[in-house]
Amino acid sequence: MHVKGVNLGNWLVLEKWMSPALFEGTTAEDEYYLPRQLSREVYEARIKIHRAEYITERDFVTIRAMGMEAVRIPVPYFIFGDREPFIGCIEELDKAFNWAEKYGLQILIDLHTAPLSQNGFDNGGICGVCRWSRSPEEIEFVLSVLERLAERYGTRKGLWGIEVLNEPVTENAWKLFDVPHRYPAVDAQLAEGSGPCTLEFLRKFYLEAYNRIRKFMPEEKYVVIHDGFELTSWKDFMQEDRYVNVVLDTHQYLMMAEMQGCEQTVEAYTAYVKEHYETAIAEMEPYFPVICGEWCLFNSLACGCDTKGGQSVLNGQEGAVSETLDAEEKKQIYRAVADAQLAAWEKGSGYFYWSYKLLLDTINEAGWIGWDSWDLGRCADFGWFPVNRKE
């Protein structure tokens, strides 16, 4: 197995920095507060227009033409429309399956958020709150969502697999990201009792999720588990014969390497990728097929300023005010980090780039220089990312 794909980020799970206009007129930093700060009519109109326009049939044609084989689609816990005040998006996923099957792509459904959040990140649905793993009711709700997704899509030709939960944060990552300060909670009462998930909890949850999904999804489809930012901690897990086609997903970003002390030079980036990513993936591949489900070319060197671990203009960072590199210099940086990372993913079983597109004006909006590297379409067009276009 080797998969080459891209994430459809910010389509069905919103991220403010990827599409700031959606949040205009509010102080909301995440999807939890957006419908709570807009009237029902305005919220519905914004979301429906966004979902209809952000990803369309044409994008599936483009992704296939780029030489990609699969898309990872982040979906929210309210996908079935049963959690007010949110609007469900199962119809959009139905459309995506029809497009994928028409154009020869596979879909990895990625449950990206959980009620009360599994990580406290903005992309976990609500900033600074991380209490899902302490709520038996909400754990059961998430399991029911996975079951319903497996029942609906389990036998679809276009299904590659189901990822049971995106980026549940464990202790080391909670400290590295300094979640309460990087993603401050709006409501201190709601955030009370927040903290990382334990590996012990995740193991138990993954086993239960596997059993629920496999009731409806045949064994040739993949069940994907996220490493909780602890890639080498899973060697003794799900190694029994009854667990079939389980894939371990790790997310590796150069901004996280910077947070761990990697110097902001091409040489340091490529050495870090080889020493840390390649080694760990090669170490884990005998136990699971390992995919890098999220990564990109973004780095502070190409931005022309220290982004403090990928903190955006929306996190109160200044960002670069003018370009410090010419187009050729940028291209050299990006090609070097692209080649190094792609070589690392080759030690495993493939990758999904984050993300296919974003709606950021990096020219007219101050501070966003270098952030276009999160957009695979732009990276391909600028020659930063090597694509094997289908003729």
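Here the residue index of a chain counts from 1 through its sequence in written order. Two thresholds apply to this predicted model, a pLDDT of at least 70 for residue-level local features and 80 or more for giving and counting side-chain atom pairs, whereas whole-chain, interface and lining totals are computed over all residues. Heavy atoms from the whole structure form the basis of all side-chain values; hydrogens and water molecules are not counted.

Chemist: How should I be thinking about the overall build of the protein chain in this particular structure?
Modeler: Only DSSP runs of H or I with at least four residues qualify as helices, and only runs of E with at least two residues qualify as strands; both kinds are numbered from the N terminus onward. Helix and strand counts for the protein chain come out as 14 helices and eight strands. Note on method: radius of gyration uses C-alpha positions; expected globular size equals 2.2 Å times residues raised to 0.38. By the compact-globule yardstick of 21 Å for 391 residues, the protein chain fits well, its C-alpha radius of gyration being 20 Å. Reported as C-alpha extents along the three principal axes, the dimensions of the protein chain are approximately 55 × 50 × 45 Å. The contact criterion used is simple: two residues touch if any of their non-hydrogen atoms lie within 4.5 Å. Restricting the contact set of the protein chain to residue pairs at least 6 apart, pairs at least 24 apart contribute 77%. For the accessible areas, the method is Shrake-Rupley and the probe is 1.4 Å, while residue cover comes only from the protein chains on display. Accessible surface, the protein chain as shown: approximately 15700 Å² in total, 48% of it carbon and sulfur. Neither His nor the chain ends is counted toward charge; the positive residues are Lys and Arg and the negative residues Asp and Glu. The location of each charge is read from NZ of Lys, CZ of Arg, CG of Asp or CD of Glu. In the protein chain, 39 side chains carry a positive charge and 62 a negative one; their mean positions are 5 Å apart.

Chemist: Would you take a moment to explain helix α4 (residues 90-103) for this structure?
Modeler: Because the α-helix completes a turn every 3.6 residues, residues three or four places apart line up on one side. Residue count minus one, scaled by 1.5 Å, sets the expected span of a helix. If you check α4, its first and last C-alpha atoms are 20 Å apart, about what 14 residues at 1.5 Å a residue would give, namely 20 Å. Buried means the residue's accessible area, taken with a 1.4 Å probe over protein chains only, is under 20% of the maximum for its type, while exposed means over 50%, and partly exposed covers the values in between. Along α4, the positions that sit buried rather than exposed are Ile90, Glu92, Leu93, Ala96, Phe97, Trp99 and Ala100. Along its buried surface, α4 packs onto α2 (40-54), α3 (57-65), β2 (70-75), β3 (106-111), α5 (136-153) and β4 (159-163).

Chemist: Please explain the packing of aromatic side chains as it appears in this structure.
Modeler: The geometry of an aromatic ring pair comes down to the distance between the two centres and the angle between the two planes. Side-chain rings of Phe, Tyr and Trp (the six-membered ring for Trp) are treated as a pair once their centres are within 6.5 Å; stacked means planes under 30 degrees apart, edge-to-face means over 60, and tilted covers the remaining angles. Summed over the entire model, instances satisfying the criterion amount to 36 aromatic pairs. Here Tyr77 and Phe78 contribute two aromatic rings whose centre-to-centre distance is 5.5 Å and whose plane-to-plane angle is 80°, an arrangement assigned as edge-to-face. For Phe78, a relative accessible area of 3% puts it in the buried group. Through successive ring pairs, a cluster of aromatic residues spans Tyr272, Tyr277, Trp295, Trp345, Tyr351, Tyr353 and Phe385. Definition used: whenever NZ (Lys) or CZ (Arg) falls within 6 Å of the ring centre and also within 35 degrees of the ring normal, the charge is taken to sit over that ring. Its end group placed over the ring of Tyr32, Arg36 keeps NZ or CZ at 3.7 Å from the ring centre. Over the ring of Phe141 we find Arg83, and its NZ or CZ is 4.6 Å from the ring centre.

Chemist: What's the story with the packing of helix α11 (residues 266-284) against helix α13 (residues 327-346) in this structure? I'm lost.
Modeler: Axis angle and axis distance: for two packed helices, these are the angle between their axes and the distance between the axes, and together they describe the pair. Axis definition: a line fitted to C-alpha atoms, over the contacting stretch in the case of helices. Angles run 0 to 180 degrees between N-to-C directions. For the pair α11 and α13, interaxial distance at closest approach is 9 Å and the crossing angle is 10°. The pairing of α11 with α13 is recorded here as roughly parallel in orientation. Only Ile333, Ala336, Val337, Ala340, Gln341, Ala343, Ala344 and Trp345 of α13 make contact with α11, whose side of the interface consists of Val266, Tyr269, Thr270, Val273, Tyr277, Glu278 and Ile281. Residue type decides the class: Asp, Glu, Lys and Arg count as charged, Ala, Val, Leu, Ile, Met, Phe, Trp, Tyr, Cys and Pro as nonpolar, and the leftover types, Gly among them, as polar. Taken together, the residues that form the contact of α11 with α13 break down as twelve nonpolar, two polar and one charged. Comment on the angle field: the value is read as roughly parallel under 35 degrees, roughly antiparallel over 145, roughly perpendicular from 65 to 115, and oblique elsewhere.

Chemist: I would appreciate a short explanation of the pairing of strand β6 (residues 246-251) in the present structure.
Modeler: A regular strand places its side chains on the two faces of the sheet in alternate fashion. For β6, the buried fraction is high: six of the six residues fall into the buried class. Burial along β6 is two-sided: the residues Val246, Leu248 and Thr250 and Val247, Asp249 and His251 are all buried. Examined bridge by bridge, strand β5 (residues 222-226) and β6 share four bridges and lie parallel to one another. Considered in β6, the bridge of His226 is made with Asp249. Strand pairing is assigned whenever DSSP detects at least two bridges linking the two strands.

Chemist: Can you help me understand the state of the cysteines in this one?
Modeler: Working definition: the covalent bond between the sulfur atoms of two cysteines is a disulfide. In plain terms, two cysteine sulfur atoms within 2.5 Å form what is called a disulfide here. On inspection of all chains with the given rule, the structure shows zero disulfides. With no disulfide of its own, Cys89 lies 19 Å from the sulfur of Cys127, the closest cysteine sulfur. Cysteine Cys303 is unpaired, with the sulfur of Cys305 as its nearest cysteine sulfur at 5.7 Å.

Chemist: Just to check I follow, could you spell out α13 for this structure?
Modeler: Taking 1.5 Å per residue as the helical rise, α13 with its 20 residues ought to reach 28 Å, and the 28 Å between its terminal C-alpha atoms agrees with that figure. What α13 keeps buried is the set Lys330, Ile333, Tyr334, Val337, Ala338, Ala340, Gln341, Leu342, Ala344 and Trp345. Whenever a nitrogen or oxygen atom comes within 3.5 Å of another N or O atom, the pair is scored as a polar contact, on the condition that within protein one atom can donate a hydrogen and the other can accept it, and that pairs from neighbouring residues in sequence are kept only if both atoms are in side chains. If you check the start of α13, you find a side-chain oxygen 3.1 Å away from the backbone N of Glu328, and it comes from Asp326.

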